[in-house]
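Read off the chains here:
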Amino acid sequence: MNMLLKDQIIILALQEDIGHGDLTTESVIPAERQATAIIKAKEKLVVCGLEVAARAFYLLDPGLRFLARVCDGQRVEAGTVVAEISGSARALLTAERTALNFLQRLSGIATKVSHYVNLLQGTSARLVDTRKTTPGHRDFEKYAVRCGGGYNHRFGLSDGILIKDNHLKIAGGIEQAVRMARAAAPHLTRIEVEIDSLDQIDECLAARVDCILLDNMTPDELRKGVERINHQCLTEASGGVCEENIREIAKAGVDLISVGALTHTIQAVDLNMEIA
């Protein structure tokens, strides 16, 4: 996503909140008043979204000065000052909620991803995200996944071929779908096939797919699938993954574990802005 498109999303968020004007701030704060504010973490978290928050302030008033005190991807304790902003008091107060909304949600994703990554310590599995993101915010949210220590799966439909169950039903099966995909796709494009039964593995291997997605399988089924595939292609586990079972899934030997909940169920973390 280019900067212009990112700015358009932030401007839309500002317009949504401000509407025809900030009645409270414009009523009680003199236009010439200057102020300094700090953004502080109210709990332990992984910071993400400082640049987005800075743009929210800047796009409302280019005269505001935003100074980050930490870096995206950094784990901080409660009470840590993550940024300082100075300039027009009106602009500070008017942009506050929009900037914090981005910062709290993106930091929430990064914090959750970091927790999942810690659960995978000592295994060879790589944590990846999905396309289950907030419409229009995918670039922000996938960046937050990386800040938390995870990896990105496809950004969009044009980034790779993932043949899922509905594709297989319409195309007529694995062999036919892979053959048509290989004939149509650029030569550097990887082909992944989603299966829900171990009986489909041999057909995938015969079609020389690059990755097999083992969908909604138990750790024992995953272990058997990994043994049968025997490093002939990458393996991905997906479906029903949560913090209670992700380590057992990883110990089954899969290469990748995709978790939709990293971005589709966002628990915002607590940060606030205080006038210094």
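Keep in mind that this is a model prediction, so the values were computed, not measured.

## Quick word on the nonpolar core
Part 1 of the argument: Core analysis: the largest hydrophobic core is formed by 81 residues, its most contacted members being Ile-39, Ile-212 and Ile-257.
Part 2 of the argument: Contacts of Ile-257, omitting those with residues within four sequence positions, involve Leu-120, Ala-125, Arg-126, Leu-127, Val-128, Ala-237, Val-241, Ile-246, Ile-249 and Ala-250.

## Focus on the sheet that holds strand S3 (residues 65-68)
Part 1 of the argument: Strand order in this open sheet of four strands is S3-S5-S1-S12, and the pairing throughout is antiparallel. The sheet terminates laterally at S3 and strand S12 (271-275), the two strands that pair on one side only. Neighbour-to-neighbour, the strand axes of the sheet open up by a mean angle of 20°, direction not taken into account.
Part 2 of the argument: Strands in contact with helix H3 (residues 50-60) are strand S1 (34-41), S3, strand S5 (81-88) and S12; relative to S3, the strand with the most contacts, it is inclined by about 170°.
Part 3 of the argument: Against the sheet, helix H4 (residues 89-119) contacts S1, S5 and S12, and its axis sits at roughly 160° relative to S12.

## Overview of the packing of H3 against H4
Part 1 of the argument: The contact between H3 and H4 brings their axes to 8 Å, and the two run at 160°. Overall, the two elements H3 and H4 adopt an arrangement that is roughly antiparallel. Crossing hand, H3 versus H4: right-handed. Side by side, H3 and H4 meet where Leu-50, Val-52, Ala-53, Ala-56, Phe-57 and Leu-60 of the first sit next to Ala-91, Leu-92, Thr-94, Ala-95, Glu-96, Thr-98, Ala-99, Phe-102, Leu-103 and Leu-106 of the second.
Part 2 of the argument: For the contact of H3 with H4, a count of residues per class yields 13 nonpolar, two polar and one charged.

## Observations regarding the packing of helix H1 (residues 3-18) against H4
Part 1 of the argument: Running from amino to carboxyl end, H1 crosses H4 at an angle of 130°, the nearest separation of the two axes being 9 Å. The angle between H1 and H4 falls in the class oblique. Considering how the two elements wind past one another, H1 and H4 form a crossing that is right-handed. Counting all contacts with H1, which are made through Ile-9, Ile-10, Ala-13, Leu-14, Asp-17 and Ile-18, the residues of H4 involved are Thr-94, Ala-95, Arg-97, Thr-98 and Phe-102.
Part 2 of the argument: Class assignment of the residues belonging to the contact of H1 with H4 gives a composition of seven nonpolar, two polar and two charged.

## Some details on the side chain of Asp-22
Part 1 of the argument: Structurally, Asp-22 is set in the loop between H1 and helix H2 (23-28).
Part 2 of the argument: One buried charged side chain, Asp-22, makes no salt bridge at all; its nearest oppositely charged neighbour is Arg-90, positioned 8.2 Å away.
Part 3 of the argument: Side-chain polar atoms of Asp-22 contact the side chain of Thr-94, separated by 2.9 Å.
Part 4 of the argument: Aside from chain neighbours lying at most four places away, what touches Asp-22 is Leu-93 and Thr-94.

Conventions we followed
Residues numbered from 1 in each chain as written. Predicted model: local features only at pLDDT ≥ 70, side-chain atom pairs only at ≥ 80, totals over all residues. Heavy atoms only, no water. Core = buried A, V, L, I, M, F, W, Y, C linked by side-chain atoms within 4.5 Å. Buried < 20%, exposed > 50% of the residue type's maximum accessible area, 1.4 Å probe, protein only. Contact = heavy atoms within 4.5 Å. Pairing = 2+ DSSP bridges. Helix = DSSP H or I, 4+ residues; strand = E, 2+ residues; numbered from the N terminus. Axes fitted to C-alpha atoms, helices over the stretch in contact; angles between N-to-C directions. Parallel < 35°, antiparallel > 145°, perpendicular 65-115°, else oblique. Left-handed = near helix turned anticlockwise from the far one by under 90°. Nonpolar A, V, L, I, M, F, W, Y, C, P; charged D, E, K, R; others polar. Lys, Arg positive; Asp, Glu negative; His and termini not counted. Salt bridge = Lys/Arg side-chain N within 4 Å of Asp/Glu carboxyl O. Polar contact = N/O pair within 3.5 Å; in protein donor to acceptor, adjacent residues only side chain to side chain.

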